[in-house]
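Structure at a glance
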Amino acid sequence: MAVKTGQNLAAHSWMLVTAESCTGGWVGQAITAIPGSSAWYERGFITYSNASKHEMLGVRQTTLDQYGAVSPQTATEMAAGALNRSRAHISVAITGIAGPDGGTAAKPVGMVCFGWMHRNGLARQETHYFHGNREAIRGQAVIIALQGILNLIDETPLTA
């Protein structure tokens, strides 16, 4: 899936930026494992703490206070911040609760929020509820992140 992502980004001459929390750079690792990925991967942010989300990506403190780090609102602001702090055309942001601890009734272990954004303003966000251990949850999140990039590329006009 990372190879296909790279091929599609390269076909548009677009660069990708990642903003990862619970995946800890796994999307970036999957991408940079591909030779030549520097042609379409601009940079990645690993923002595990709330402070890093705020300082590195510009997620508003009011968003973190009101909705929490694991929320569609935070994922969307992470995606926007990654674009604003890079030269990329497309961003993906991932924030979630991989466990085994940290879940609540409202935000259970396995809840992962995603945000994708293109510089032209086209944006998507999704929340998924994964099952399994920490590694399984993180792995599933990487797959959804890459699929979301492919979907956003498909939805974006070639002139964007």
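Higher on the page you've got the structure.
Keep in mind it's a predicted model, so treat the numbers as computed, not measured.

Quick word on helix 5 (residues 72–84)
Taking 1.5 Å of rise per residue, 13 residues should cover 18 Å, and helix 5 covers 18 Å from first to last C-alpha, within 8% of that figure. When helix 5 is considered as a whole, its buried residues turn out to be Thr74, Ala75, Glu77, Met78, Ala79, Gly81, Ala82 and Leu83. At its buried positions, helix 5 is contacted by strand 1 (16–20), strand 2 (41–46), helix 3 (50–57), helix 4 (61–67), strand 3 (90–96) and strand 4 (111–118).

With respect to the nonpolar core
Counting residues in hydrophobic clusters, the biggest one holds 27 residues, and the most contacted among them are Leu16, Ile90, Ile94, Val112, Phe114 and Ile149. At the level of secondary structure, the elements contributing two or more residues to this core comprise helix 1 (2–12), helix 2 (26–32), strand 3, strand 4 and helix 6 (134–155). With 8 residues, the top contributor of residues to this core is helix 6. Listed in part, the 15 residues of the second largest apolar core include Val17, Leu64, Ala79 and Ala88.

Digging into the packing of aromatic side chains
On inspection of all chains with the given rule, the structure shows 2 aromatic pairs. Here the aromatic rings of Phe114 and Trp116 are separated by 5.6 Å at their centres, their planes lie at 5 degrees, and the arrangement is stacked. Given a relative accessible area of 0%, Phe114 falls into the buried group. Judged by centre distance (6.4 Å) and plane angle (85 degrees), the rings of Phe114 and Phe130 are edge-to-face. One end of the pair, Phe114, is in strand 4; the other, Phe130, is in the loop between strand 5 (123–129) and helix 6, with 16 residues separating them in the sequence. Aromatic ring contacts, followed pair by pair, group Phe114, Trp116 and Phe130 into a single cluster. Against the face of Trp116 rests Arg124, its NZ or CZ located 5.4 Å from the ring centre.

Things to note about the pairing of strand 5
Sheet topology note: the strand 4/strand 5 ladder contains 7 bridges and is antiparallel. Looking at strand 5, one finds that Gly115 is bridged to Gln125. Hairpin remark: strand 4 followed by strand 5, antiparallel, with 4 residues in the connecting loop; positive phi at Gly121, about 105 degrees.

A word on the pattern of salt bridges
Applying the stated rule across the entire model yields 5 salt bridges. With a closest N to O distance of 2.6 Å, Glu42 and Arg43 form a salt bridge. Here Arg124 makes a salt bridge to Glu126, at a shortest N to O gap of 2.9 Å. By relative accessible area, Glu126 is classed as partly exposed at 23%. When salt bridges with common partners are traced through the structure, they connect Arg124, Glu126 and Glu155 into a single cluster.

Procedures and definitions
Residues numbered from 1 in each chain as written. Predicted model: local features only at pLDDT ≥ 70, side-chain atom pairs only at ≥ 80, totals over all residues. Heavy atoms only, no water. Helix = DSSP H or I, 4+ residues; strand = E, 2+ residues; numbered from the N terminus. Expected span 1.5 Å × (residues − 1). Buried < 20%, exposed > 50% of the residue type's maximum accessible area, 1.4 Å probe, protein only. Contact = heavy atoms within 4.5 Å. Core = buried A, V, L, I, M, F, W, Y, C linked by side-chain atoms within 4.5 Å. Phe/Tyr/Trp six-rings, centres within 6.5 Å; stacked < 30°, edge-to-face > 60°. Lys NZ or Arg CZ within 6 Å of the ring centre and 35° of its normal. Pairing = 2+ DSSP bridges. Salt bridge = Lys/Arg side-chain N within 4 Å of Asp/Glu carboxyl O.

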